[in-house]
Amino acid sequence: MSIFRLFASRPSPLPATAPVARERLQILLAHERGLRDEKPDLLMLLREEILAAVSRHVALDPDKVIVRMERGKNVSTLEVDVELPSGLERMFAVAS
Amino acid sequence: MAKVLVVTSGKGGVGKTTSTAAIGAALAQNGRKVAVVDFDVGLRNLDLVLGAERRVVFDLINVVQGVAKLPQALIRDKRLENLWLLPASQTRDKDALTDEGVGRVIAEMRSTFDYIVCDSPAGIERGATLAMRFADEAIIVTNPEVSSVRDSDRIIGMLDSKTVKAEKGEQVAKHILISRFDPSRAARGEMLSIEDILEILATPLLGIIPESQDVLRASNVGSPVTLNSPASAPARAYADATKRLLGETIPMMVPSEPKGLMKLFGRRAA
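A brief structural summary.

Conventions we followed
- Here, residues in each chain are numbered from 1, in the same order as that chain's written sequence.
- Working convention: letters from A go to chains and numbers from 1 go to ligands, in the order in which they are written.
- This being a predicted model, a pLDDT of at least 70 is required before a residue's local features are given, and a value of 80 or more before pairs of side-chain atoms are given or counted; all residues contribute to the totals for chains, interfaces and linings.
- Hydrogens and water are ignored here; the side-chain numbers use all heavy atoms of the structure.
- Secondary structure is summarised from DSSP: a helix means a run of H or I of at least four residues, a strand means a run of E of at least two, and numbering begins at the N terminus for each.
- Residue burial is assigned from relative accessible area. The probe radius is 1.4 Å, only protein chains are included, and a residue is buried under 20% of its type maximum, exposed over 50%, and partly exposed in between.
- We call two residues in contact when some of their heavy atoms are within 4.5 Å.
- Only the six-membered ring of Trp is used, alongside the rings of Phe and Tyr, when aromatic pairs are assigned; centres must lie within 6.5 Å, and planes under 30 degrees apart are stacked while those over 60 apart are edge-to-face, with the rest tilted.
- Here, a strand pair is defined by DSSP locating no fewer than two bridges between the strands.
- Axis lines are fitted through C-alpha atoms, for helices just across the contact stretch, and the angle between N-to-C directions can take any value from 0 to 180 degrees.
- What gets called buried area is simply the loss in accessible area from a 1.4 Å probe that two parts show on being joined, summed for both.
- We define a salt bridge as a side-chain nitrogen of Lys or Arg found within 4 Å of a carboxyl oxygen belonging to Asp or Glu.
- The residues that make up patches have over 30% relative accessible area and no salt bridge, and they are joined within 9 Å when like-charged or within 5 Å when they are Val, Leu, Ile, Met, Phe, Trp or Tyr.
- All accessibility values rest on the Shrake-Rupley procedure with a 1.4 Å probe; residue burial counts only the protein chains present in the view.
- By nonpolar core we mean a set of buried residues, namely Ala, Val, Leu, Ile, Met, Phe, Trp, Tyr and Cys, connected to one another through side-chain atoms within 4.5 Å.
- To estimate the expected span of a helix, subtract one from its residue number and multiply by 1.5 Å.

**Brief notes about the overall build of chain A**
Reasoning step 1: For chain A, the count of helices and strands is four helices and two strands.
Reasoning step 2: When the helices and strands of chain A are listed from N to C terminus, the series reads α-α-α-β-β-α.
Reasoning step 3: For chain A, the residues scored as buried account for 12% of the 96 residues in total.
Reasoning step 4: Long-range contacts, defined here as pairs at least 24 residues apart, represent 44% of the contacts in chain A between residues at least 6 apart.

Written out as structure tokens, the structure is:
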């Protein structure tokens, strides 16, 4: 391997990054186009209100929240995955 | 019938002013009577790229506010008798531009010119929205790069909602102009491909301008690239794009990198 490197005129080519750019853009723009529709989108509204409700009781760590939205013709899905710190449920039981 | 064109992008530095100068000049070279209008209040540069920076007396804001008459503010190009420039103000505040005032000036220009080409400032603030407000057609200058494509998408959304045409339920005709295209980087998969950009933006292509020294050289001397080095690759790309704007069918040339032997000979010749 190293002996071939010696003769190679330039370092091995870097992996193509354009496909990554393309995929990131497609996901982002699908989201942003939804935002600028005239009527507020139901999915976006739900997302915001759910997160607001949760954050009233728990300090949300942005790294522990995963929101996934999929828009389809017939069915759209909203998946909100919030990781709560352990011991929280016990705290609630004591408080109530 | 006069046509109002806006050259816009959202993102800065993609080549709006260069493209306005090149396409404005090319339209004039095709026998159309053209006015290019700089909407970048406070940061005007179209005068500089056209080599008219020392001839500016009055500007767009002076005309909007009635301080000067339109013919007093228009600067006629020294090389192309069909090309005029309406500069932006360098000192005034951009809030001096009103929707109604700009509409009045554009309407007055429609009666004298075939094409009114509006050079939009970067961003989505007042200057940019006013530059597109009265447009019939839009050229969205896009670089093959994620931030530029995202901003173009945003601008397309605005063209479809915030223009007079859109409010009347009509459509501003939109064209993508890809600039600063580097064939060798595209071949190595380092740059978004033309197909990717067009698919993502779902807007027809007007032309592909290769990244080139000739563009910089032309602005250095204050001359549109279509005039300064008409045989260069970017000038030919602009000339073709302009012909497509005028309704001609010109096959699209994707700039390619010079290969093996050609490259060798090219170097020897240089």
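Okay, back to it.
**Overview of the packing of aromatic side chains**
Each pair of aromatic rings is reported with the distance of its centres and the angle of its planes.
Residues and elements named next belong to chain B.
Reasoning step 1: Going through the model one piece at a time under the given rule, you end up with one aromatic pair over all chains.
Reasoning step 2: Look at W84 and F113: their rings are 5.6 Å apart centre to centre, the planes differ by 70°, and that puts the pair in the edge-to-face class. With W84 in strand β4 (residues 83–86) and F113 in the loop between α5 (99–110) and β5 (115–119), the pair connects residues that are 29 residues apart, well separated along the chain.
Reasoning step 3: Judged by its relative accessible area of 14%, W84 is buried.

**Let's talk about the pairing of strand β2 (residues 34–38) of chain B**
Residues and elements named next belong to chain B.
Reasoning step 1: Of all five residues in β2, five are buried, a share of seventy percent or more.
Reasoning step 2: Burial along β2 is two-sided: V34, V36 and D38 and A35 and V37, pointing in opposite directions, are all buried.
Reasoning step 3: Where β2 lies against β4, four bridges are found, and the strand directions are parallel. If you follow V34 over to β4, its bridge partner there is L83.
Reasoning step 4: One ladder, built from five bridges, connects β2 with β5; its direction is parallel. What sits directly across from D38, in β5, is D119.

**With respect to the pairing of strand β7 (residues 173–181) of chain B**
All names here are of chain B.
Reasoning step 1: Of all nine residues that make up β7, seven are buried, and the element is covered over most of its length.
Reasoning step 2: Judged from the six bridges that link them, strand β6 (residues 137–142) and β7 form a sheet pairing that is parallel. Bridge assignment links V141 to a residue of β7, and that residue is L177.
Reasoning step 3: Bridge count between β7 and strand β8 (residues 205–210): four bridges; the pairing is parallel. From the neighbouring strand, I178 faces β8, where its bridge partner is I208.

**Focus on the environment of R244 of chain B**
Reasoning step 1: Within the secondary structure layout, R244 of chain B lies in helix α13 (residues 233–245).
Reasoning step 2: When near neighbours in sequence (up to four residues on either side) are disregarded, R244 of chain B contacts L206, G207, I250, P251, M252 and M253 of chain B.

**Topic: the sheet that holds β2 of chain B**
Residue and element names in this part refer to chain B.
Reasoning step 1: Here eight strands make up an open sheet; going across it, the order is β3-β4-β2-β5-β1-β6-β7-β8 and the pairing mixed. Strands with a single pairing partner mark the edges of an open sheet, and in this sheet they are β3 (75–76) and β8.
Reasoning step 2: Bridge count for strand β1 (residues 3–8) against β6 is four bridges, and the pairing is parallel. Looking at the pairing, V7 lines up with I139 of β6.
Reasoning step 3: Together, β6, β7 and β8 form the strand contacts of helix α10 (residues 194–201), whose direction differs from that of β7 by roughly 150°.

**Details of the interface of chain B and chain A**
Reasoning step 1: Each partner contributes to the interface: chain B provides 15 residues, whereas chain A provides 13 residues.
Reasoning step 2: Summing both partners gives a buried area of about 1300 Å² for chain B against chain A, and 53% of it is carried by carbon and sulfur.
Reasoning step 3: Per-residue buried area on chain B facing chain A is highest for R150, D153 and I200 of chain B; these three make up 41% of the total on that side.
Reasoning step 4: Linking chain B with chain A are four salt bridges.

**Some remarks on a nonpolar patch on the surface**
Reasoning step 1: On the surface, L42, L45, L46 and I50 of chain A cluster together into a nonpolar patch covering about 340 Å² of accessible area.
Reasoning step 2: Relative to the helices and strands, L46 of chain A is located in helix α3 (residues 42–57).

**Comments concerning the nonpolar core**
Considering soluble globular proteins, one finds that nonpolar side chains tend to be buried as a cluster.
Residues and elements named next belong to chain B.
Reasoning step 1: Ranked by internal contacts, the top residues of the largest apolar core, which has 50 residues, are F39, L86, L97 and M109.
Reasoning step 2: If sequence neighbours within four positions are ignored, M109 has contacts with A35, V37, L70, L74, L86 and I116.
Reasoning step 3: Core analysis: the second largest hydrophobic core is formed by 34 residues, V7, V34, L80 and A241 among them.

**So, helix α1 (residues 16–29) of chain B**
Reasoning step 1: Over its 14 residues, α1 of chain B runs 19 Å from end to end, which matches the ideal 20 Å to within 8%, given 1.5 Å per residue.
Reasoning step 2: Taken together, the buried positions of α1 of chain B are occupied by K16, S19, T20, A21, A22, I23, G24, A25, A26, L27 and A28 of chain B.

**Concerning unusual backbone geometry**
All names here are of chain B.
Reasoning step 1: Although it is not a glycine, R180 sits at a positive phi angle of roughly 55°.
Reasoning step 2: Checked against the element boundaries, R180 lands in strand β7.
Reasoning step 3: Owing to a relative accessible area of 42%, R180 belongs among the partly exposed residues under this scheme.

**Focus on the environment of L43 of chain A**
Reasoning step 1: Here L43 of chain A shows up in helix α3.
Reasoning step 2: Along the chain, L43 of chain A and E79 of chain A lie 36 residues apart, while their C-alpha atoms are 10 Å from each other.

**Some points on the pattern of salt bridges**
Reasoning step 1: Taken as a whole and judged by the stated rule, the model has 16 salt bridges over all chains.
Reasoning step 2: A salt bridge links R22 of chain A to D196 of chain B; the nearest nitrogen and oxygen atoms lie 2.5 Å apart. Note that R22 of chain A is positioned in helix α2 (residues 18–35) and D196 of chain B in helix α10, a pairing that runs across two chains.
Reasoning step 3: With relative accessibility at 23%, the residue R22 of chain A sits in the partly exposed group.
Reasoning step 4: Residue E190 of chain B pairs with R188 of chain B through a salt bridge whose shortest N-O separation is 3.1 Å.
Reasoning step 5: Residue E190 of chain B is classed as partly exposed on the basis of its relative accessible area, which comes to 30%.
Reasoning step 6: Taken together, the shared-partner salt bridges connect R22 of chain A together with D196 and E199 of chain B into one network.

Note that all results are geometric; they support no functional claim without further evidence.
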